[in-house]
Amino acid sequence: MRLIIILSLITLVGCAQKETPPKKKPLIQNTKLSHYVNRHPNDSNQSISMGSVSNGNLKHGKLIPFSGNNFDYFDETSYLNGRAFLNSKVLKTILNSYALFETLQPKRKFKIMECAHKHGGKLWPHRTHQNGLSVDFMMPKLKDSLPYYGLDTLGSKHYWLTFNNNGQYNSDTSISIDFELIAQHILTLQKEAKKHKLKIAKVIIKIELKDELFAGKYGGILKESGIYVVNSLTPNINSLHDEHYHIDFKEF
Ligand SMILES: [Zn+2]
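The present account deals with the structure reproduced in this document. (Residues numbered from 1 in each chain as written. Predicted model: local features only at pLDDT ≥ 70, side-chain atom pairs only at ≥ 80, totals over all residues.)

### Comments concerning the overall build of the chain
For step 1, the next point in the chain: When helices and strands are tallied, the chain shows eight helices and 13 strands.
For step 2, the next point in the chain: With 252 residues in all, the chain has 37% of them scored as buried.
For step 3, the next point in the chain: For the chain, the share of sequence-separated contacts (at least 6 apart) that also reach a separation of at least 24 residues comes to 74%. (Helix = DSSP H or I, 4+ residues; strand = E, 2+ residues; numbered from the N terminus. Buried ≥ 20, exposed ≤ 12 C-beta atoms within 10 Å, placed from the backbone. Contact = placed C-beta atoms within 7 Å.)

### A closer look at the packing of helix H4 (residues 88-104) against helix H5 (residues 179-195)
For step 1, the next point in the chain: At a minimum axis separation of 9 Å, H4 and H5 run at an interaxial angle of 125°. Between H4 and H5, the angle falls in the class oblique. Once H4 is placed against H5, the crossing between them reads as right-handed. Across the interface between the two elements, Thr93, Asn96, Ser97, Leu100, Phe101 and Leu104 from H4 touch Gln184, His185, Thr188, Leu189, Glu192 and Ala193 from H5.
For step 2, the next point in the chain: A breakdown of the residues in the contact of H4 with H5 according to their chemical character gives five nonpolar, six polar and one charged. (Axes fitted to C-alpha atoms, helices over the stretch in contact; angles between N-to-C directions. Parallel < 35°, antiparallel > 145°, perpendicular 65-115°, else oblique. Left-handed = near helix turned anticlockwise from the far one by under 90°. Nonpolar A, V, L, I, M, F, W, Y, C, P; charged D, E, K, R; others polar.)

### A short note on unusual backbone geometry
Trans peptide bonds make up the majority, and among non-glycine residues the majority have a negative phi.
For step 1, the next point in the chain: A cis amide bond links Trp124 to the next residue, Pro125, at an omega of 0°.
For step 2, the next point in the chain: Considering the arrangement of structural elements, one finds Pro125 in the loop between strand E6 (110-112) and strand E7 (134-138).
For step 3, the next point in the chain: Here the phi dihedral of His60 falls at roughly 55°; this positive angle occurs in a residue that is not glycine.
For step 4, the next point in the chain: Residue position: His60 is located in the loop between strand E2 (55-59) and strand E3 (62-63).

### Some words on the sheet that holds strand E11 (residues 172-177)
For step 1, the next point in the chain: Spatially, E9-E8-E11-E10 is the arrangement adopted by the four strands of the open sheet, whose pairing is antiparallel. Unpaired on one side and paired on the other, strand E9 (146-148) and strand E10 (168-169) mark the two borders of the sheet. (Pairing = 2+ DSSP bridges.)

### Here we look at the environment of Leu63
For step 1, the next point in the chain: In this fold, Leu63 is placed in strand E3.
For step 2, the next point in the chain: Taking C-alpha positions, Leu63 is 9.0 Å from Asn87, a pair spaced 24 residues apart along the chain.
For step 3, the next point in the chain: For Leu63, the residues in contact, after removing those within four places along its chain, are Val37, His40, Asn42, Ala84 and Phe85.

### With respect to the pairing of E7
For step 1, the next point in the chain: Judged by how many residues are buried, E7 sits mostly within the fold: five of five residues are covered.
For step 2, the next point in the chain: Alternating residues of E7 divide into Ser134, Asp136 and Met138 and Val135 and Phe137, and every residue in both groups is buried.
For step 3, the next point in the chain: Alignment of E7 against strand E13 (residues 244-251), held across five bridges, turns out to be antiparallel. Bridge pairing in E13 places Asp136 opposite His246.

### A short note on the packing of H5 against helix H7 (residues 217-224)
For step 1, the next point in the chain: At a minimum axis separation of 8 Å, H5 and H7 run at an interaxial angle of 40°. Taken together, the axes of H5 and H7 are oblique relative to one another. In this structure, the crossing between H5 and H7 has a hand that is left-handed. Here Phe179, Glu180, Ala183, Gln184, Ile186 and Leu187 of H5 lie close against H7, whose contacting residues are Lys217, Tyr218, Gly219, Ile221 and Leu222.
For step 2, the next point in the chain: Its residues assigned to classes, the contact of H5 with H7 shows seven nonpolar, two polar and two charged.

### Some points on the environment of Gly61
For step 1, the next point in the chain: Take Gly61: it is sitting in the loop between E2 and E3.
For step 2, the next point in the chain: Judged by the 26 C-beta atoms lying within 10 Å of it, Gly61 is buried.
For step 3, the next point in the chain: The sequence separation of Gly61 and Ser88 amounts to 27 residues, and the corresponding C-alpha distance is 6.7 Å.
For step 4, the next point in the chain: Those residues in contact with Gly61 that sit more than four places away from it in its chain are Ser47, Phe85, Leu86, Ala116, Lys118, His119, Gly120 and Gly132.

Set out below in structure tokens:
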């Protein structure tokens, strides 16, 4: 009898716990995201990138996961508006690289920014990002030399942050870009890309930040790697690449 009472109590407590409403906001967000993901299941067809990054389309585009063990997509609205699709080879390259970083840099977290539409084409206001081979990555940051994520949750507003030519945040110069982590990330992406018959065609970063990017240990390896980091950009495009770096992949 006592056992029955105890079991009944456990059941009741269990029900009570189940019925406790979770905090409202995460529930709505997660429901929206999970509905969206369910509406866009990734099939096994290999993606086909057509045309160029600045005038192209994408067939069998794959949706990136909204989050993983050490990364997140940066903006829910962008995700729900269908701007987080990639060529399947690029997706595998990115996910495999993040998996490697769980060991390489176990304390670091990363943010992916805008990618492409499911079928490619113009992704306003980007000039490229049209065929699933272009990706924006948020600059990882340090504050007083420690990993800092305080600016990483701004969503699309992150694109409007500005950094000086030493890679320090203009509104608080104790926050700076972690260039060594970027260099290590780019090198890891290139290594993984080759496994999928891809290579990095171009890295776009504000020209004035290139010497900072190449300054450290991984930066030196990157500089000698042959990976093309742009040498010149129009003033407008240049000024937009201080808070994220853009990578175009190409197939071979
Ligand atoms: Zn871009």
